[in-house]
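Coordinates in review
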Amino acid sequence: MKYYEGRFSGKRAVVTGASAGIGKAAALRLAKEGARVGLISWAKEELEGVAHQITTEGGVAIPLFADVSNEDQISKAIDTAAKAWGGLDIVVSNAGIELPFEDNTTDAVPFSVWQKIVNVNLTGQFLSCKYGLRHLLAAGGGAVVMVASPCGEKGFCFKEHAYTASKGGVMSLMKVMALDYIAHNIRVNAVIPGMIDTPMNAHVMSDPELLKMWTSTIPIKRAGTADETAAVILFLLSDEAAYVVGSAWAVDGGQLAG
Ligand SMILES: NC(=O)c1ccc[n+]([C@@H]2O[C@H](COP(=O)([O-])OP(=O)(O)OC[C@H]3O[C@@H](n4cnc5c(N)ncnc54)[C@H](O)[C@@H]3O)[C@@H](O)[C@H]2O)c1
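Below you will find a few notes about this structure. (Residues numbered from 1 in each chain as written. Predicted model: local features only at pLDDT ≥ 70, side-chain atom pairs only at ≥ 80, totals over all residues. Heavy atoms only, no water.)

1. Quick notes on the state of the cysteines
If you walk through the whole model with that rule in mind, you get 1 disulfide. In this model Cys151 forms its disulfide with Cys157; the gap between the sulfur atoms is 1.9 Å. Its S-S torsion of about -55° marks the bond between Cys151 and Cys157 as left-handed, since a negative value means left-handed. Here the two residues Cys151 and Cys157 agree in accessibility, since each one is buried. With no disulfide of its own, Cys129 has Cys151 as its nearest cysteine by sulfur position, at a separation of 19 Å. (Disulfide = S-S within 2.5 Å. Buried < 20%, exposed > 50% of the residue type's maximum accessible area, 1.4 Å probe, protein only.)

So, in structure tokens, the structure goes:
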């Protein structure tokens, strides 16, 4: 991959969950298109690998270790990126977890599992936006993309009630933030990835029967890639999407159209 001047030259970004999957793909694309990127994750080794990949190929990135659900850690990580570059213009709030073998129906899910999932997926996105937005406000504008899920739109993630609720919360937060911050020249939007081939879905991708069962329910009949999702994230962050505010773009092979 070659790094060059592009749509994001001069922009300063933070991406949470940048160590793998969709966050990593978005961070690589942002760096490739000229942004300086603060890579945030709790997965130290993978994160250093992504930072190394970007910097050895001529991009600008710093690895910032933080659990997005820990207020002290995430605020410090975001502030460190802002301090390094004199501000921030972009927040990709992406980090999330899915615990399909621990999550369950409302009557059965252990409270500790509910808390773990909601803390990362909803509180983590709230905290990432809270501390990121302060820098966007100071910069006089910017763009935020949150990563939601079809489960937050429809009730088809059976027996994953905590994950479903956490992603529904992300959608609601995205909409109210979009309306409150557009007056400050900050556009807030979301992507809704469908079934994407990332480490989060390794249990499905590595099981041919399960994969066949899942893809048969997707109109395009295949899983998507992290890079296909990142392409839409970058569009929403770019000036090309100047009139896109408070919307959620599905990257799901048609899943939500049905
Ligand atoms: N993969 C899919 O099919 C799919 C579908 C719908 C929504 N999503 C959402 O997309 C986002 C990214 O998913 P993915 O598939 O790339 O996941 P992934 O597990 O492949 O990668 C997520 C990365 O975020 C990091 N992370 C997780 N929790 C963190 C925390 N508390 N603090 C810091 N870092 C943390 C992980 O270490 C990992 O490197 C998530 O919010 C997920 O819910 C994914």
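We are not done yet, so read on.
2. Digging into the sheet that holds strand E3 (residues 60-65)
Read across the open sheet, the 7 strands follow the order E3-E2-E1-E4-E5-E6-E9; overall the sheet is parallel. Each edge of the open sheet is held by one strand with a lone partner, namely E3 and strand E9 (248-251). Shown here is a sheet whose adjacent strand axes are inclined to one another by a mean of 15°, direction ignored. Relative to E9, strand E6 (residues 186-193) runs parallel, the two sharing 4 bridges. Note that in E9 the partner of Ile192 across the bridge is Ala250. Lying on the sheet, helix H4 (residues 111-139) is in contact with strand E1 (12-16), strand E4 (90-93), strand E5 (142-147) and E6; it crosses E5 at an angle near 170°. Contacting E5, E6 and E9, helix H5 (residues 161-181) runs over the sheet at an angle of about 160° to E6. (Pairing = 2+ DSSP bridges. Helix = DSSP H or I, 4+ residues; strand = E, 2+ residues; numbered from the N terminus. Axes fitted to C-alpha atoms, helices over the stretch in contact; angles between N-to-C directions. Contact = heavy atoms within 4.5 Å.)

3. Topic: the pairing of E4
Every second residue of E4 is oriented toward a common face, with Ile90 and Val92 on one face and Val91 and Ser93 on the other, all of them buried. Across 4 bridges, the pairing between E4 and E5 is parallel. In the strand pairing of E5, Ser93 is matched with Met146.

4. Digging into the packing of aromatic side chains
For any pair of aromatic rings, geometry is given as the distance between the ring centres together with the angle between the planes. Counted by the stated rule, this structure contains 1 aromatic pair. Judged by centre distance (5.2 Å) and plane angle (45°), the ring pair of Phe235 and Trp249 falls under tilted. Linking Phe235 in helix H8 (residues 226-237) with Trp249 in strand E9, this pair joins segments that are 14 residues apart in sequence. Judged by relative accessible area, Trp249 falls into the partly exposed class, the value being 32%. Note that Lys44 overlies the ring of Phe65, its terminal NZ or CZ placed 5.0 Å from the centroid. Above the plane of the ring of Tyr131 lies Lys130, whose end atom (NZ or CZ) is 5.7 Å from the centre. (Phe/Tyr/Trp six-rings, centres within 6.5 Å; stacked < 30°, edge-to-face > 60°. Lys NZ or Arg CZ within 6 Å of the ring centre and 35° of its normal.)

5. A short note on the site of the ligand
For the ligand, the set of nearby residues contains 29 residues, the closest of which are Ser19, Asn94, Tyr163, Thr198 and Asn201. The contact in question runs from an oxygen atom of the ligand to an N or O atom on the side chain of Ser19, over 2.5 Å. In the complex, 93% of the free accessible area of the ligand, which totals 820 Å², lies under the protein chains. Of the pockets mapped on this structure, the ligand occupies the largest pocket. Elements represented by at least two residues in the shell around the ligand include exactly helix H1 (21-32) and H5. Across the shell around the ligand, the residue classes tally to 17 nonpolar, 10 polar and 2 charged. (Near = heavy atom within 4 Å. Polar contact = N/O pair within 3.5 Å; in protein donor to acceptor, adjacent residues only side chain to side chain. Areas by Shrake-Rupley, 256 points an atom, 1.4 Å probe, with all protein chains shown as cover. 1 Å grid on protein atoms, 1.4 Å probe; cavity = no way out; pocket = protein on both sides within 12 Å on 5 of 7 lines; lining within 4 Å. Sits in = over half its atoms within 2 Å of the grid points. Nonpolar A, V, L, I, M, F, W, Y, C, P; charged D, E, K, R; others polar.)

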